[in-house]
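Close look at the chain arrangement
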Amino acid sequence: KDPAYVVRLGSPTMNDTVHHWMKLFKEGVEKRTEGEMRIDLFPASQLGPIQRQIEAVQFGAQEMYTIPPEFLAGIDKRFMVVSAPLMFEDLEHGFRTVQDPEFSKFMFELGANKGIIGISMFCADPTSYTFTEPLQTYKDAEGRKVRIFASDMERETIHRLGATGVPMSLGEVLPALQQGVIDGARTTVSIFNAFKFYGSAKYLLKTEESMVCPLQFVSRRWFESLPQDLQKILLEEAKAADIATHQFALGFLADNYKSWVDNGGVIVELNPEQREEMRAKLEDVGKTVADKDPATAKAYSQLRAIADRTRQ
Amino acid sequence: MKSIDRVVAWVTSGLHFVATLMLVGIVVVNAANVIGRYIFNRPAETADELMIFMLTIAVFLCLPRCTNEDAHIRMNLLRDRISGKARKVWDLLLELLHFGLAAFVVYVGAPSVAQLFSWGQVSEAAKIPMWIVHSVIPLGFALACVIILLSIVRLLRGWGRP
Amino acid sequence: MIVDVLVFFGLPLTLLILGAPIYAAIFASGLTALLLVPNAPIHAVQSVLFGSLNNFSLLAIPLFVLAGDLMAQGGLAKRLVSWALAGVGGVRGSLPLAAVASATTFGAMSGSASACLAAVGRIMYPDLRKAGYSEGYSGALLASTAVIGAVIPPSIPMIIYGVVAQQSIPDLFLAGVLPGLLIALVIGVYVWMKARHEKQNVLATGERPSFLRETKEASWSLAAPVVILGGIYGGIFTPTEAAGVAVIYSMLVSRYIYKELTWRDMWRITSESMYLVGRLIVIFAAAGLYAWALTVSGLAQKLGTTVTEWQLATWQLLLIFNVLMLIVGAFLDPPPALLILTPVFFPIFQAAGVDPIHLGLIMVVNLSMGMFTPPIGVNLFIANVLFKIDIGVLYRSVLPFVALYVAILMILTYVPEITLFALHAFK
Ligand code: NA
Ligand code: NA
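Residues numbered from 1 in each chain as written. Chains lettered and ligands numbered in written order. Predicted model: local features only at pLDDT ≥ 70, side-chain atom pairs only at ≥ 80, totals over all residues. Heavy atoms only, no water.

- For chain C, the name recorded in an unreviewed UniProt entry is TRAP transporter large permease protein, with Pusillimonas noertemannii as its organism.
- The Subunit (unreviewed entry) field of the UniProt record for chain C holds the comment "The complex comprises the extracytoplasmic solute receptor protein and the two transmembrane proteins."
- According to the UniProt record, the Sequence similarities (unreviewed entry) comment for chain C reads "Belongs to the TRAP transporter large permease family." (UniProt positions renumbered as here; feature names shortened; annotations may be inferred.)

- In the annotation of an unreviewed UniProt entry, the entry for chain B reads TRAP transporter small permease protein, and the organism field reads Pusillimonas noertemannii.
- Its UniProt record, at the heading Function (unreviewed entry), says of chain B: "Part of the tripartite ATP-independent periplasmic (TRAP) transport system."
- Word for word, the UniProt comment on chain B under Subunit (unreviewed entry) is "The complex comprises the extracytoplasmic solute receptor protein and the two transmembrane proteins."

**Things to note about the interface of chain B and chain A**
- If you look at the interface, chain B gives 18 residues, while chain A gives 25 residues.
- Summed over both partners, the interface of chain B with chain A comes to about 1,900 Å²; 51% of that surface belongs to carbon and sulfur atoms.
- Broken down residue by residue, the surface that chain B buries against chain A is led by B:Glu45, B:Trp119 and B:Glu124, which jointly contribute 38%.
- Joining chain B to chain A, the criterion identifies one salt bridge.
- Between A:Arg155 and B:Glu45 there is a salt bridge; the shortest N-O distance is 3.1 Å.
- Listing elements by their share of the side of chain B that touches chain A, those giving two or more residues are α1 (2-38), α2 (47-68), α3 (84-119) and α4 (130-134) of chain B. (Contact = heavy atoms within 4.5 Å. Buried area = accessible area lost by both parts, 1.4 Å probe. Salt bridge = Lys/Arg side-chain N within 4 Å of Asp/Glu carboxyl O. Helix = DSSP H or I, 4+ residues; strand = E, 2+ residues; numbered from the N terminus.)

**Let's talk about the state of the cysteines**
- This structure, assessed with the given rule, holds one disulfide over all chains.
- Disulfide pairing places A:Cys123 opposite A:Cys213 at an S-S distance of 2.2 Å. Measuring the twist about the S-S bond at about 90°, one finds the A:Cys123-A:Cys213 disulfide to be right-handed. Placement of A:Cys123 in the loop between β4 (116-121) and β5 (125-131) and of A:Cys213 in the loop between β10 (211-212) and β11 (215-219) is noted, with a sequence separation of 90 residues between them. No difference in accessibility class separates A:Cys123 from A:Cys213, as the two residues are buried.
- There is no disulfide at B:Cys62, and the cysteine sulfur nearest it, in B:Cys66, is 5.3 Å away.
- Here B:Cys145 stays unpaired: no disulfide links it, and the sulfur of B:Cys66, its closest cysteine neighbor, is 15 Å away.
- What makes B:Cys145 buried here is its relative accessible area of 10%. (Disulfide = S-S within 2.5 Å. Buried < 20%, exposed > 50% of the residue type's maximum accessible area, 1.4 Å probe, protein only.)

**Regarding the sheet that holds strand β1 (residues 5-10) of chain A**
All names here are of chain A.
- Pairing within the open sheet is mixed, and its five strands lie in the order β2-β1-β3-β11-β4. Of all strands in the sheet, those with a lone pairing partner are β2 (37-42) and β4, marking the two edges. Between one strand and the next, the sheet's axes are offset by a mean angle of 25°, whatever the strand orientation.
- This element, helix α1 (residues 17-32), spans β1, β2, β3 (64-67), β4 and β11 of the sheet and lies at about 165° to β2.
- Helix α9 (residues 228-262) contacts β1, β2, β4 and β11 of the sheet and is inclined by roughly 40° relative to β4. (Pairing = 2+ DSSP bridges. Axes fitted to C-alpha atoms, helices over the stretch in contact; angles between N-to-C directions.)

**A look at the UniProt feature "transmembrane region" (unreviewed entry) in chain B**
- The UniProt entry lists residues 7-30, 50-68, 89-110 and 130-156 of chain B under the feature "transmembrane region" (unreviewed entry), expressed in the numbering used here.
- Here residues 89-110 of chain B is 100% helix and 0% strand, with 31 Å between the C-alpha atoms at its ends.

**As for the nonpolar core**
- Formed by 209 residues in total, the largest nonpolar core has its most connected members in C:Val45, C:Met124 and C:Phe372.
- Among the elements that take part in this core, helix α16 (residues 263-297) of chain C stands out by supplying 18 residues, more than any other.
- Discounting chain neighbours no more than four positions away, the residues touching C:Met124 are C:Val81, C:Leu95, C:Ala98, C:Ala99, C:Ser102 and C:Leu142.
- With 77 residues, the next largest nonpolar core counts A:Phe71, A:Ala185, A:Leu270 and A:Ala307 among its residues. (Core = buried A, V, L, I, M, F, W, Y, C linked by side-chain atoms within 4.5 Å.)

**Structural notes on the pairing of β5(A)**
Residues and elements named next belong to chain A.
- Counting buried positions along β5 gives seven out of seven residues, so the element sits mostly inside the fold.
- Residue alternation in β5 divides its side chains into two sets, Asp 125, Thr 127, Tyr 129 and Phe 131 and Pro 126, Ser 128 and Thr 130, and both sets are buried.
- Here β5 runs beside strand β8 (residues 184-188); their pairing, made up of five bridges, is antiparallel. Pairing of Phe 131 across the sheet is with Gly 184, part of β8.
- The pairing of β5 with strand β9 (residues 203-206) spans three bridges and is antiparallel. By the bridge assignment for β9, Phe 131 is matched with Tyr 203.

**Describing the interface of chain B and chain C**
- Each side of the interface is counted separately: chain B has 55 residues, and chain C has 59 residues.
- Here chain B packs against chain C, burying approximately 5,200 Å² in sum over the two surfaces, 78% of which is carbon and sulfur.
- Contact with chain C buries area across many residues of chain B, yet B:Leu23, B:Ile73 and B:Met75 alone supply 16% of it, more than any other trio.
- Taken together, chain B and chain C are joined by one salt bridge.
- One salt bridge connects B:Arg37 with C:Glu241, and the closest N-O pair in it is separated by 2.8 Å.
- Across the chain B-chain C interface, the total number found is nine residue pairs in polar contact (both at pLDDT 80 or more).
- Counting only elements with at least two residues in the side of chain B that touches chain C, the list comes to α1, α2, α3, α4 and α5 (136-157) of chain B.
- In terms of residue count, the dominant contributor to the side of chain B that touches chain C is α1(B) (15 residues).
- Residues that form the side of chain B that touches chain C fall into these classes: 39 nonpolar, 10 polar and six charged. (Polar contact = N/O pair within 3.5 Å; in protein donor to acceptor, adjacent residues only side chain to side chain. Nonpolar A, V, L, I, M, F, W, Y, C, P; charged D, E, K, R; others polar.)

Shown next as structure tokens:
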């Protein structure tokens, strides 16, 4: 039979942790609603660039999207705090924190008066760097041109490391690396692999200072028009998919490091001493950036407190 | 009608002038970004976004003039073989279609812009209020609507193009 | 499915034939499709129209249009043509041959076939006409030859495919080298044979300019590709940024070296370019809505599923896919077509054991042909606007070139070695 409700769910990438979540969510919801609701998946930015899909969900032109919250900073600056370096120790800690009811309530409601409601959150990948030239430690990144996503947190992070941040869309990064327009890139190992950076920028500096934790959100206008039981199913299935995806994410990360090396890439690990040094440099990036705006500063200390509580 | 035509021509040329400024702006920002990054090791972090927005603004500000001067790209193979009353009806239907589409964009776009304004939404990098950039779409199409209506009046009265 | 096919193919075709503005015909189709989607998301109109232009690579088009204009009016083009003519002047059909050679050279500094057409076309078209070639033949030659620009690296469509299919973009770039040269060769031979058959004039030795003198005279024009390519491969700027550098270079050379343009002239040229760009890019915006509605309707996916169920041999699959892409390319330009088709068909061909780089090349060549195959092709519209050639005349005149490209496409499809040779040689 024809479904009474169709959900268009978009994401920026494909065949990764987020895509895995989407498939689980689709399966769960369609089964629970016995076909009354259908979830159509549109990975790989098929429905448009990131900022435009966010707007589409705000307007109710698209029902659902999944993106790390720092991309939502144009809606509310406070979304950026999740991407602060050292907010989370690792994927495990990140997951524990974003699943904390107090933390998730804050994130889910943050965009409510701008048309979006969060329904789930997990942590997919840690960020690292790749470079075209070999390096020994994070200090060798100094003076190099590194592609970043132009968020305030990334700018400050890259500045602290003494490198130059070059904002650039993902599609341009590889040719820019090959021709030497830039010397490196900051993003996640799964994206390094997906774009085959090991061919031209094979030195992966494993820093893992920030966790990429996608927020799944729906159009408020649309969500509130749904019957209560369907709303409940969406929330529950999203949560179930979070938990299953977390296990997947851990394996996926390990697989990605392995496949980086299998493809000829080199992983540069920081020794404990270097790691501590780097941590000291980056420790107050989150606070420094957040302090520029009172509401963001408040959100940062609030969420940071939850993260510290779940740190173990 | 003549004075209306003059006003329309003046307004649409003015918008075309602004669009040209935008194109100049793209050239300047692009050069500044390349020089800044390569020579001074300081890339303009907002350059990509600015250039994309300037192109968007330029395109939709050009739309009224293109409509006014009947310069839209189209296939006239069949249309040119028709003349007289049939051609008039034919053109009238095309103008009505064009009006309907343009009006629909205004109908959907204007509230969207108002919404972005009330949300205070800003762009990612340059923190430009999004309602300003978005507004060129309903603005361009609203002017196109006026122009198409004038054209319909002209067709019905049997007047030629200005 | 029948309704979908009517809305996506029947409606725009009808409106185009009736003479509606092309952007309006595409827009009407996209909008109608959108209204048929469950919980009709009409608000998508604003965000999709806006979002369709949200593409950094798109900036290369206005910039290369402007650069081409400046080169055409600022004396760079004139000298480049004289130089090319001096080089091939002794051969029949020297002008169309020079056009092919220019498109190939320009292709190496531009990622977009449209930009290639805008730049080379503006330079070559008036001379082709002066030499007595018909407007249809000249326009069709330039519109179709420009596609070499999308195959020879750098290439925007290759980047799009690489991003969606998660394939190495440098490998894709390398894969385009030989096929791009093959296209140039085949078209070169065709125009030469045609000129011989039609007994086109050969320039007499006396009136032929000296190649050495012309090279010196054109040195600033010839340096343009060096600056642009050198800048790209020397790591100074990206291919998209190179378009802006080309603008500045042309401005400086035509103002201070050739002294053929004043700043006032440059403003006028910029204004004219903007007018052209406005009419072109509004079609991109409408195509964005169309592609969005097509994606959301799931029609492309449905077609993909149907194909898988047939269980065909790889060569049959490739043949059908090529035909399908030719049909899609007749209506859509490469970027939206790649965005829609790649996710649907990539898994099918991966399962069939087709090399993903080879598949990318086939898709880019095939869909880029769509830029000059009737009824909707951006190169046709550029030729229409730039050279004021009636669209109907262009539709007829491109047919021989479509036939040539189909033949090349078949060779490239069934002889993957042409694509993969450079790749293996460099590894
Ligand atoms: Na090219
Ligand atoms: Na076409």
